[in-house]
Structure formats: structure tokens, C-alpha cells
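# Geometric and topological summary
Here's the letter readout for the chains.
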Amino acid sequence: MEQRPVILSGIQPSGRLTIGHYTGALRNWVSLQQSHECYFMIADLHAITVRQDPAELRQRTLETAALFLACGIDPQQSVLFVQSHVPEHTQLSWVLACLTGMGECSRMTQFKEKSAQHRHNVNVGLFAYPILMAADILLYQADLVPVGADQKQHLELTRNLAERFNHYYGTTFRVPEPYIPPLGAKIMSLQEPRKKMSKSDPNENAVLFLTDSPEAIRRKIRRAVTDSGREVRYDEQNRPGLSNLMVLYHIATGKSIADIEQEFAGAGYAELKAALTEALIEFLRPIREEFERLQRDSGYLLSLLAHGAERARARAQQTLRLVYDRMGFLPQAPYVEGVRIAMEDSSHADL
Ligand code: AQP
């Protein structure tokens, strides 16, 4: 069978998924499934770089799996798994950490930003996050990694680490290339439109969750911040609030920005907000309904994730074995029952 290029991507279960995750990740993943061998992970190990409530993390992890499916990820075609179910991620991460300079991690823009944002909890995990991400990617010998602008620096580190390892220990890792999705609209906060819409934003009105009810959508769009002016014209620089609403309308209806400007020529923001509300309700309805159906069957979700972890592990183990071997780790011989293991030297008795 023809080998398809391998893709790895993931989303952290650090909150409920937003319409930003749909446009920036999930809808692109869906379109890649047939032409690529896809590994889609729920990145729970990454999520704990910020303190998570354990019960909530467990629930969000299952919800995230349900949303992957509700948005069209096909578990027959793609490998869908939870990162912590595949221990090779942390194992490879340690190996790579020993090849990474302190300076390489401290230069990372996201580390600087996140440590400023979470001043009370600047932990080593936050610092080493890009190394775990490198392990995620290299473990599957991924050819391509979908990246937004904020992850470019991390992918560069991944490539450097792969090349460094290959240089010291012989060719082991595929050096991954960035995959720039054709549809990568960045969705901004409904309350602070110069900021990205984030699932962990404490202000719920700023975020459109994929599971929002029609009432919640109505409220959030009504309260969405717009800019001064009346005309519905796309201008990201000077009218970020309005432009964000236009992008959302484009996503919900498929209409081009030029057509949207035409549609609302002579009308104002209120008309746009009203049409957008109805379009979003209809657009999100099937996702929400399928999500609710899947949520009622956690047994199905759990067994699907178990199957995904098994498939992911099969590939991850191959890479890790090769890495350990190349580094000179002594392979563990199989333990045979009845073999003499007690030390006869009595000096050990005190230990
Ligand atoms: N607002 C967005 N617009 C477009 N794409 C987005 N993505 C996330 N938000 C938007 C895309 O989702 C993938 C990664 O999601 P993640 O949850 O692993 O990380 P994140 O980008 O840090 O997401 P959040 O919501 O901002 O999480 P928190 O609040 O926990 O920090 C990427 O493909 C990203 O482009």
C-alpha cells in the first residue's frame, strides 16, 4: 500500500473547545484524513503546565474526544488518542531534554508570555513544554505538523533536536516540515478583539464554545464588542471587533468577505449581528447535537480512546526502542522464573 505522509497534531483539554479550534485546527484535520496518516491527540500532559482541577481535566478530556468526533474526525481513518495513555511521550521527552540547551528553551516567546501570564506558577514543565512537543512529533516520525504562527518557533526547535540527534547517533528521526493550513482564520475574543479567543479565558462572554446553546450564542453576539463606525466593511487593523464578526459570519455561511460587505451595504452592525446569530446557531447545531449524543456514551468514547492509544503506541514504541538502542541503553532481558537473582554477598543484607 502507498505510504501516506504522517501528520501529528493536538489540542489541550484545558477548557471547552471554541469555534477557534474548529477553524484553526479541526476542520483542517478533517480534510487531511484521507490523504494523510493522521495522529490526533488530546494533549493532557501539556495542559498541566497550568494548574488543572483533576475532576475537570478528566471531564474535559472526554469532552474533547467527543468534540473531535462531532466535528468529523473519523476514528477508523485517523488515530485519536490521549497523550498520557502513551508513556513514550514523556520517555522521549527526557532523552531530548538532555540534548537541549537551557538557552534554547528560555528564548521561546511562548514561555516568556506564559510565565508572565502565570507568574504564581512558573514551573519547569512550562519551560520544557517545547521539548515535550518535540517528543510528540518525533515519536510518530511525522512528516508534517500543522502550525499556527505561535508554534513556528517550537517546530524549529523540534527540527534542530531531530537533526542534532541524527548527527550524534545516526539517522533516527524524520525531520518534520511545517504544514501551513489553507484555511487558518484566527478567531479573536468577542470582548477584546485584538486578543486570540482562548478556551481558558475567564470571561465566558468573550468565547464562543462549540457546545454553546442558542441562548448563549444570542447573548454573546449581542454583547460582542464592535468598533465605532456604522458601515460593514472589513478592516482588521482599525475595526478588529467588526472584522472578527465578519470572519465568523464567513465561517458559518461560507460566504466570501466581499459578498458579506455587499449583503450589508447600507445596513449597520445590528443587522450583521442578527444575521450572524442565526447563522451561528444553525452552524453549531449539528456539532452540539452530535456532541450531546456521544456524551451519553462514555463507554464508547473510552474504548475508542483505548484503541487509539494502542495504535499510537505501536508506532511510538518502535521509535523509542530505536532511540534507546542508538543511545546505548542496555536492553532489558526477559525475566525467567527460577533464575538465581539473590546476591550471596552478605554485605547486602544491611541495605
Ligand atoms: N482562536 C483561535 N483561532 C484559530 N485557531 C485557534 N486555535 C486555538 N485557538 C484558536 C488552534 O487550536 C490548536 C491548539 O489548541 P490548544 O488548545 O492546544 O492551544 P491554544 O492555542 O493555547 O488554545 P487556547 O484556547 O488559547 O488554550 P488555552 O486557553 O488553554 O491557552 C492550534 O492549532 C491553534 O492554532
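See the structure above.
Heads up: these notes are all about the structure in this document. (Residues numbered from 1 in each chain as written. Predicted model: local features only at pLDDT ≥ 70, side-chain atom pairs only at ≥ 80, totals over all residues. Heavy atoms only, no water.)

## Description of the packing of helix 4 (residues 88-97) against helix 7 (residues 124-139)
Interaxial distance between helix 4 and helix 7 falls to 8 Å at its minimum, and their mutual angle equals 115°. In this structure, helix 4 meets helix 7 at a crossing whose hand is right-handed. On helix 7, the residues touching Glu88, His89, Leu92, Ser93, Leu96 and Ala97 of helix 4 are Ile131, Leu132, Ala134, Ala135, Asp136, Leu138 and Leu139. Here the contact of helix 4 with helix 7 is built from residues that sort into 9 nonpolar, 2 polar and 2 charged. (Axes fitted to C-alpha atoms, helices over the stretch in contact; angles between N-to-C directions. Helix = DSSP H or I, 4+ residues; strand = E, 2+ residues; numbered from the N terminus. Left-handed = near helix turned anticlockwise from the far one by under 90°. Contact = heavy atoms within 4.5 Å. Nonpolar A, V, L, I, M, F, W, Y, C, P; charged D, E, K, R; others polar.)

## Focus on the environment of Thr277
Mapped onto the elements, Thr277 comes out in helix 12 (residues 269-295). For the pair formed by Thr277 and Gly148, sequence separation is 129 residues and the distance between their alpha carbons is 27 Å. Ignoring any residue separated from it by four or fewer positions in sequence, one finds Thr277 in contact with Ile217, Arg218 and Ile221. Within polar-contact distance, the side chain of Thr277 engages the backbone oxygen of Lys273 at 2.7 Å. (Polar contact = N/O pair within 3.5 Å; in protein donor to acceptor, adjacent residues only side chain to side chain.)

## So, the pattern of salt bridges
On inspection of all chains with the given rule, the structure shows 15 salt bridges. Residue Arg313 is joined to Glu88 by a salt bridge in which the shortest nitrogen-to-oxygen separation is 3.0 Å. With Arg313 in helix 13 (residues 298-327) and Glu88 in helix 4, the pair connects residues that are 225 residues apart, well separated along the chain. On the accessibility criterion, Arg313 (29% relative accessible area) is partly exposed. Its relative accessible area of 3% is what places Glu88 among the buried residues. Linking Lys195 and Asp201 is a salt bridge whose minimum nitrogen-to-oxygen distance equals 3.6 Å. One continuous salt-bridge network, built from bridges that share partners, spans Glu192, Lys195 and Asp201. (Salt bridge = Lys/Arg side-chain N within 4 Å of Asp/Glu carboxyl O. Buried < 20%, exposed > 50% of the residue type's maximum accessible area, 1.4 Å probe, protein only.)

This is a description of form; function is not addressed.
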